[in-house]
Amino acid sequence: QVRVVESGGGLVQPGGSLRLSCAASRSIYSIIAMAWYRQAPGKERELAAAITRDGSTNFAESVKGRFTISSDNAENTVYLQMNSLKPEDTAVYYCKATWRVPPGVDFNSWGQGTQVTVSS
């Protein structure tokens, strides 16, 4: 089982920046993608950004141009650099790691979430 641990959340003023980190445990199985989701109170969980093993990325329209996702494949770690933060970015941010077992079956592991609050 792959375990996922997030860090880097906190309180920041509008226009500020935060960098989230997500580390997946070492495993014999390969991680093929990692992603950041977020969920605000009263809202559905949504995909914020994702990155595949080969470096392909995808962003929600609401964060495009402000957020950057990157990964260190050797350390099974993904980062989310958040710039120009807005109050509407306030949410619990969850990391998801997708890993593949030998027959080619994919599984998802979720972190516990880290709180990001954007407020003056």
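Up top is the structure.
This structure is a prediction, so every number in the text was calculated from the model and none was measured.

A. The overall build of the protein chain, seen in detail. Looking only at helices and strands, the protein chain has 0 helices and 11 strands in total. What you see in the protein chain, going N to C, is helices and strands ordered as β-β-β-β-β-β-β-β-β-β-β. Taken over C-alpha atoms, the radius of gyration comes to 14 Å for the protein chain, in line with the 14 Å a tight globule of 120 residues would show. Across its three principal directions, the C-alpha atoms of the protein chain cover 50 × 25 × 25 Å. Scored against the burial criterion, the 120 residues of the protein chain give a buried share of 39%. The contacts in the protein chain between residues at least 6 apart in sequence include a share of 53% that link residues at least 24 apart.

B. Spotlight on the sheet that holds strand 3 (residues 18–24). Strand order across the open sheet formed by 4 strands is 1-3-8-7, with antiparallel pairing between neighbours. Edge positions in the sheet fall to strand 1 (4–7) and strand 7 (67–72), since each has one partner strand and no second. When strand polarity is set aside, the average angle formed by the axes of neighbouring strands in this sheet is 15°. Relative to strand 8 (residues 77–82), strand 3 is paired through 6 bridges, and the arrangement is antiparallel.

C. Expanded view of the state of the cysteines. In this structure the tally under the stated criterion is 1 disulfide. Each sulfur of the disulfide joining cysteine 22 and cysteine 95 lies 2.0 Å from the other. Judged by the sign of its S-S torsion, about -85°, the cystine formed by cysteine 22 and cysteine 95 is left-handed. Note that cysteine 22 is positioned in strand 3 and cysteine 95 in strand 9 (residues 91–100), a separation of 73 residues in sequence. With a relative accessible area of 0%, cysteine 22 lands in the buried category. On the basis of relative accessibility, which here comes to 0%, the residue cysteine 95 falls in the buried class.

D. Fine view of the nonpolar core. Counting residues in hydrophobic clusters, the biggest one holds 28 residues, and the most contacted among them are Met34, Trp36, Val78, Leu80, Met82 and Tyr93. Elements that contribute at least two residues to this core include exactly strand 3, strand 4 (30–39), strand 5 (46–52), strand 7, strand 8, strand 9 and strand 11 (114–118). Sort the elements by how many residues they give to this core and strand 9 lands first, with 5 residues. Aside from chain neighbours lying at most four places away, what touches tyrosine 93 is Glu6, Leu20, Trp36, Tyr37, Arg38, Phe67, Leu80, Met82, Gly113, Thr114 and Val116.

E. Just the packing of aromatic side chains, in detail. Evaluation of the coordinates by the stated rule reveals 3 aromatic pairs. Ring plane angle 25° and centroid distance 5.8 Å describe the contact between tyrosine 29 and tryptophan 99, whose orientation is recorded as stacked. In this pair, tyrosine 29 sits in the loop between strand 3 and strand 4 while tryptophan 99 sits in strand 9, placing the two residues 70 residues apart along the sequence. Every member of this aromatic cluster is reached through a ring pair, and the members are Tyr29, Trp99 and Phe107.

F. Representation of the environment of lysine 64 within the structure. Here lysine 64 is to be found in the loop between strand 6 (57–59) and strand 7. On the accessibility criterion, lysine 64 (49% relative accessible area) is partly exposed.

Rules used in this analysis
- Residues numbered from 1 in each chain as written.
- Predicted model: local features only at pLDDT ≥ 70, side-chain atom pairs only at ≥ 80, totals over all residues.
- Heavy atoms only, no water.
- Helix = DSSP H or I, 4+ residues; strand = E, 2+ residues; numbered from the N terminus.
- Rg over C-alpha atoms; globule rule 2.2 N^0.38 Å.
- Buried < 20%, exposed > 50% of the residue type's maximum accessible area, 1.4 Å probe, protein only.
- Contact = heavy atoms within 4.5 Å.
- Pairing = 2+ DSSP bridges.
- Axes fitted to C-alpha atoms, helices over the stretch in contact; angles between N-to-C directions.
- Disulfide = S-S within 2.5 Å.
- Core = buried A, V, L, I, M, F, W, Y, C linked by side-chain atoms within 4.5 Å.
- Phe/Tyr/Trp six-rings, centres within 6.5 Å; stacked < 30°, edge-to-face > 60°.

Structural measurements only, silent on function.
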